[in-house]
Amino acid sequence: IRMNFVSLIVGSIMVLIAAKYIVRPVKELSEATKQVSQGDFEVNIKTKRRDELGQLVAGFNAMAKALRGIEILRSDFIAAISHEFRTPLTSIKGFAKLIGETESKELRQEYAAIVADETDRLAALASSILQMSELESGVGDFARQSFRLDEQLRQVVVLLEPQWSKKNLDLAVDLAAVDYCANKDLLFQVWLNILD
């Protein structure tokens, strides 16, 4: 009877140790998994274990960190896209209004050409988003072409005319002719962002 009692006590102690050493970390991992499934990627489980359970926790922490990074990229991407689309849409609206207000046939044609260019730029921007996504996944490539860099800069300045006119700025664009080979649409976006 005494031996059975000792065995029962030792067995109970072993169950408590197992519960503390195995069951609690599994419960913590289960709870953390629920948090991640609800969109909380700030979860980080602390552990000093080096066994399989410790490796599982380390893998979970790495996954949560990667998901945090993806969420930050997604937020930044949405903010950048909304900014990038806002500029040409504002330009289209402004020049469409000017077309209705001006009596000069030459100015109407110039403004209509700018509206058409901005519409093309919106389509190119959508393509650029797809291209950037492909580049990030490792399957895309930058398409390069030769074009006049000075003419591209002049187009950006003309495009931003409503912004600099509001500030009573006079810009004289006198650039030397420069041929350049690059991704024309993406470089256009760079100049637009800098000058805007």
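That block above? That's the structure.
Residues numbered from 1 in each chain as written. Predicted model: local features only at pLDDT ≥ 70, side-chain atom pairs only at ≥ 80, totals over all residues. Heavy atoms only, no water.

**Student:** Tell me what's going on with a nonpolar patch on the surface, and back it up with residues and numbers.
**Tutor:** Together, L169, L171, V173 and L175 make up an exposed nonpolar region whose accessible area comes to about 330 Å². Considering the arrangement of structural elements, one finds L169 in the loop between α5 (161-166) and β2 (179-182). (Patch = residues over 30% accessible without salt bridge, like charges linked within 9 Å, V, L, I, M, F, W, Y side chains within 5 Å. Areas by Shrake-Rupley, 256 points an atom, 1.4 Å probe, with all protein chains shown as cover. Salt bridge = Lys/Arg side-chain N within 4 Å of Asp/Glu carboxyl O. Helix = DSSP H or I, 4+ residues; strand = E, 2+ residues; numbered from the N terminus.)

**Student:** How would you summarise the nonpolar core if you had to cite specific residues and measurements?
**Tutor:** Ranked by internal contacts, the top residues of the largest apolar core, which has 13 residues, are F95, V156, L159, L160 and L192. Among the elements of the structure, α2 (52-101), α3 (105-136), α4 (149-159) and α6 (184-195) are those that each provide at least two residues to this core. By residue number, the principal contributor to this core is α3, which donates four residues. V156 has contacts with F188, W191, L192 and L195, leaving out every residue within four places of it along the chain. One finds L29, A32, V36 and F60 within the second-largest nonpolar core, a separate group that totals eight residues. (Core = buried A, V, L, I, M, F, W, Y, C linked by side-chain atoms within 4.5 Å. Buried < 20%, exposed > 50% of the residue type's maximum accessible area, 1.4 Å probe, protein only. Contact = heavy atoms within 4.5 Å.)

**Student:** Which residues make up the pattern of salt bridges, and what are the values?
**Tutor:** This structure, assessed with the given rule, holds three salt bridges. We note a salt bridge from E118 to R121, for which the minimum N-O separation is 3.0 Å. Linking E118 with R121, this pair stays in helix α3, spanning three residues, or about one helical turn. Neither residue differs from the other here; E118 and R121 are each classed as buried. Residue R154 is joined to E151 by a salt bridge in which the shortest nitrogen-to-oxygen separation is 2.9 Å. One end of the pair is R154 and the other is E151, both in helix α4 and three residues apart, which spans about a single turn. Relative accessible area serves as the criterion here: at 36%, R154 is assigned to the partly exposed category. Assessed through its relative accessible area of 30%, E151 is described here as partly exposed.

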